[in-house]
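Listed below, chain by chain, are the residues.
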Amino acid sequence: MALAVLAAAAFFLCLAPASLNACPTSPALNASYATIYSIPNGCEQSSCDYFLAARLNDADPTYLDFWLEGNAGGWIAVGFSATSSMANADVLACALDSSSTPVLIDAWNPAGYSNTRDTQQDLCSNVLEHDSGRFTCSFARAINTGDPNGQDLQLDSDLYLLLATRSTTGTSGNPPELQKHSSTPPRSPSALNVVSLVTPPAISPSVSSSEQPVPSTSSSSVPMATPMPPTPPLTCPPASPASESDYRVFARIPAGCERSSCTYYLAVRTNPDDPEFLDFELEGDAQSWIAIGLSKTASMESADVSGCVVQADNSVAVVDAWNTPDSTNNVRDTLQDISFTSSSFGDSRISCTFSRPIVSGDTEQDLPMNDNYYLLFGRGNTSSTAQPPALNYHGPLTPVVSNSLVDITTATGEVGPPAEIGPSNCPPAPTSGAVYRLNATVPDGCPDNADYTVRVRTNNQNPSFLDFYLEGKTSGWIAVGFSPTDDMLTADVFACVVSSDGSTVSVTDAWNLPSIRSNVRDTIQDVCPHSTSFENGRISCIFSRAIQTSDTDNDLNLNGNYFILLGRGNSRSDTGTLSRHEDNPPIAKAVNPTVFSGCVPLTADAVHAASMRVLMVPIMLAIIALIILPE
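What you are looking at is a predicted structure, and each value in this text was computed from that prediction instead of being measured.

A. Structural context of the overall build of the protein chain. Summing up its helical and strand segments, the protein chain has 2 helices and 37 strands in all. Looking at the 631 residues of the protein chain, the share that counts as buried comes to 50%. A sequence separation of at least 24 residues applies to 60% of the contacts in the protein chain between residues at least 6 apart.

In structure tokens form, the structure reads like this:
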């Protein structure tokens, strides 16, 4: 087998980092290495895009000697991970610094995905070369460094190997730090113990004419890990024609719609020819894209997204994407684990069918589908000219989320959100003598004829709804808010608002923005008004709301512990919007409104504020009297 010859510019020496007491003796010129991985699989060393070999150091077997070689303009590295993820991986790299000099970097990935240079540099350099866009590196590292900062893994453990490169400028800063890889690193299909792999005798290599050590790539008796093949194009299952009856999982928005009239339609089945794949059908009203997302948390962060996007020529492409863990930004996957079957676009309506493997080899950006996830039903109208195609921001079409966790590999039937609240599915109104189990009032203590009263009960006819009774002394609006904290931010608010002429009262579903104390009327009005009145300066209203609605962006699932905000305002509105409250709303202690029974006490701060207002009235009157009375 032909072997690469190191250029004269390469150097061969042992450099000890300042943090190590001593480096082991460098390998002999005829030292044997065991090939660990080569990409493409089975390539000759000199033509491999990535080549990794290792051996136990002869002079000190507590060290491993590594040989790392491959095509990269910025850096080449091997990472060791206990979980196959980049998070907390131990990374050993050859990189070019700001002066284009090859250097060794001992690094790690903290809990996230950003790479950080180790405080203690535990690598011993033997050979470092970068020539014509190709790295050739030999170095040693202790199997167990005893790194006091916890940034190194013990290499005699079962660890996944991450094989990473960066094609362009590789480092930043001084001392240099690794920049992000060019693409998601390939990784070993299983955890490997490198020490065990290289412990048996390995084959002695040939030596180049420049008498530099070059590891053998012979495989006659070299202990080999199961080689990881290069990332191939996805092997697609057959595209089998299907009717709706062939699918077992459905999501329809609105609930119960016929496919042709649904704003969003999803059907899923197991591919009949290859049960390791799922087949998807998507259809809906959108001008740019339609997609299905899988999320562990019901939020967009870290969601695995598969979708169909309209291109500039009105053709439709399929896209495998994900949302980064620290934001809702959607990113096209480096590895497109999705196979296209058919699509159409016309009259602002997209339809497409595609297949995805249930378990992808891309563990960094794809989730295994045989698990429980919330389903995100997304659409977007903002066009994208990106090539290759990608999904733009959804804009006002905030994805609807399934109301429970779903395993789409085993589920059957409808998995979409519940039907939106409306006249057809509102529960019956409470009777006039209905008993409410939760009460909260201002002033505190739930007295009769309180200035403001909130009452809550479970609807007798449909226990998935709560009935509310609000009554208060004011001329504009009264409201109840539910907040996970004792603050207005992100509170879910229901209000009864008097019209400008005082003739009617409307019931409004609203919420408070997460960053500022501003109230916004919900796009979806998930309240069922039953009765309202405004007489003698007092507002009263009775309405119902589902404990959990399909509006997961603006509505809370009320089956949880929440502080209760009791708000009032003087301004009226013909559109149901709320103006600023009269005073800071008193807050009742956190309870679960679906089960609590009794009088909910106000928090100490609210009681104190109310007491202060009572005390301030005579004080202010006395001050006014002193001002206006003659001497």
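B. Expanded view of the state of the cysteines. Counted by the stated rule, this structure contains 8 disulfides. What pairs with Cys-94 in a disulfide is Cys-137, and their sulfur atoms sit 2.4 Å apart. In this pair, Cys-94 sits in strand S6 (residues 90-96) while Cys-137 sits in strand S10 (residues 134-142), placing the two residues 43 residues apart along the sequence. With respect to class, Cys-94 is no different from Cys-137; both count as buried.

C. Summary view of the side chain of Thr-324. Position of Thr-324 relative to the elements: it lies in the loop between strand S19 (316-323) and strand S20 (330-332). Thr-324 gets classed as buried once you look at its relative accessible area, which sits at 16%. Excluding residues that lie within four positions of it along the chain, Thr-324 makes contacts with Glu-301, Ser-302, Asn-329 and Val-331.

D. How the structure looks around the environment of Arg-332. Within the secondary structure, Arg-332 sits in strand S20. C-alpha separation for the pair Arg-332 and Gln-365, spaced 33 residues apart in sequence, amounts to 9.2 Å. Other than its neighbours up to four places away in sequence, Arg-332 contacts Val-319, Asp-320, Ala-321, Pro-388 and Pro-389.

E. Quick look at the pairing of strand S33 (residues 528-535). The sheet contact formed by S33 and strand S34 (residues 538-546) spans 7 bridges and is antiparallel. Bridge pairing in S34 places Thr-532 opposite Cys-541. Counted between consecutive antiparallel strands, the loop separating S33 from S34 contains 2 residues, among which Asn-536 sits at a positive phi close to 55 degrees.

F. Up close: the pairing of strand S3 (residues 50-56). Of all 7 residues making up S3, 6 are buried, and the element is well covered by its neighbours. Summarising the sheet, strand S2 (residues 34-39) and S3 pair through 5 bridges and their orientation is antiparallel. Bridge pairing in S3 links Thr-35 to Ala-53.

G. Quick peek at the sheet that holds strand S15 (residues 264-270). Strand order in this open sheet of 6 strands is S21-S22-S16-S15-S14-S25, and the pairing throughout is mixed. For this open sheet the edge positions go to strand S21 (339-346) and strand S25 (413-414), each flanked by a neighbour on one side alone. Relative to strand S22 (residues 349-357), S21 is paired through 7 bridges, and the arrangement is antiparallel. Opposite Ser-344, over in S22, you have Ser-351 as the bridge partner.

H. A look at the sheet that holds strand S7 (residues 102-108). Read across the open sheet, the 5 strands follow the order S8-S7-S6-S5-S11; overall the sheet is antiparallel. Strands at the two margins of the open sheet, each flanked by one partner only, are strand S8 (116-117) and strand S11 (160-166). Of the pairings in the sheet, the one linking S6 to S7 comprises 7 bridges and is antiparallel in character. Note on S7: the bridge partner recorded for Ala-93 is Ile-105.

I. Highlighting the nonpolar core. Ranked by size, the top nonpolar core spans 33 residues in total, and within it Leu-52, Phe-66, Phe-80, Cys-94, Phe-139 and Leu-161 carry the most contacts. Leave out the neighbours within four places in its chain, and Phe-80 touches Phe-66, Ala-89, Asp-90, Leu-92, Leu-153, Leu-155, Leu-159, Tyr-160, Leu-161 and Val-194.

J. Structural view of the packing of aromatic side chains. The final tally for this structure, using the stated rule, is 12 aromatic pairs. Grouped by ring-pair contacts, the aromatic residues Phe-468, Phe-482, Phe-494 and Phe-543 constitute a single cluster. Taking NZ or CZ as reference, Arg-269 lies 5.4 Å from the ring centre of Tyr-247, over its face. One residue, Arg-457, lies across the ring of Tyr-436, its end atom 5.8 Å from the ring centre.

K. Fine view of the pattern of salt bridges. Scanning all chains against the criterion turns up 20 salt bridges. Across the pair Glu-244 and Arg-252 runs a salt bridge, and its minimum N-O distance is 3.5 Å. For Glu-244, a relative accessible area of 35% gives the class partly exposed. One connected set of salt bridges, linked through shared partners, spans Arg-259, Glu-281, Glu-283, Asp-285 and Arg-349.

L. Here's a closer look at the environment of Leu-391. Relative to the helices and strands, Leu-391 is located in the loop between strand S23 (374-380) and strand S24 (400-401). Its relative accessible area of 7% is what places Leu-391 among the buried residues. Separated by 70 residues in sequence, Leu-391 and Ala-321 have C-alpha atoms that sit 8.0 Å apart. Aside from chain neighbours lying at most four places away, what touches Leu-391 is Trp-289, Ala-291, Val-305, Val-309 and Asn-330.

M. Molecular detail of unusual backbone geometry. The residue after Ile-253, namely Pro-254, is reached through a cis peptide bond having omega 0 degrees. That bond from Val-442 to Pro-443 is cis: its omega, 5 degrees, falls within 30 degrees of zero. Position of Pro-443 among the secondary structure elements: in the loop between strand S26 (438-442) and strand S27 (452-458). At Thr-490, a residue that is not glycine, the phi angle is positive and equals roughly 65 degrees. On the secondary structure map, Thr-490 appears in the loop between strand S29 (477-483) and strand S30 (492-498).

Criteria and cut-off values
Position labels on residues start from 1 in each chain and follow its written sequence. In keeping with the predicted nature of the model, local features appear solely for residues at pLDDT of at least 70, side-chain atom pairs appear and are counted solely at 80 or more, and the whole-chain, interface and lining totals rest on all residues. For the side-chain quantities, the full set of heavy atoms in the structure was used; hydrogens and water were omitted. Going along the chain from the N terminus, every DSSP run of H or I of four or more residues is numbered as a helix, and every run of E of two or more is numbered as a strand. Any residue under 20% of the maximum accessible area for its type is buried, any over 50% is exposed, and the rest in between are partly exposed; the area is computed with a 1.4 Å probe on protein chains only. In what follows, residue pairs with any heavy atoms lying within 4.5 Å of each other are defined as contacts. Here, the term disulfide refers to a pair of cysteine sulfur atoms separated by no more than 2.5 Å. Between any two strands, at least two bridges found by DSSP are needed for them to pair. Among buried residues, the Ala, Val, Leu, Ile, Met, Phe, Trp, Tyr and Cys ones that are joined through side-chain atoms within 4.5 Å form a nonpolar core. The rule is short: rings of Phe, Tyr and Trp, with Trp giving its six-membered ring, pair when the centres are within 6.5 Å, and they are stacked under 30 degrees, edge-to-face over 60, tilted in between. Criterion for a charge above a ring: Lys NZ or Arg CZ within 6 Å of the ring centre, and within 35 degrees of the ring normal. Salt bridge, as used here: a side-chain nitrogen of Lys or Arg that lies within 4 Å of a carboxyl oxygen of Asp or Glu.

Nothing here speaks to function; it is all geometry.
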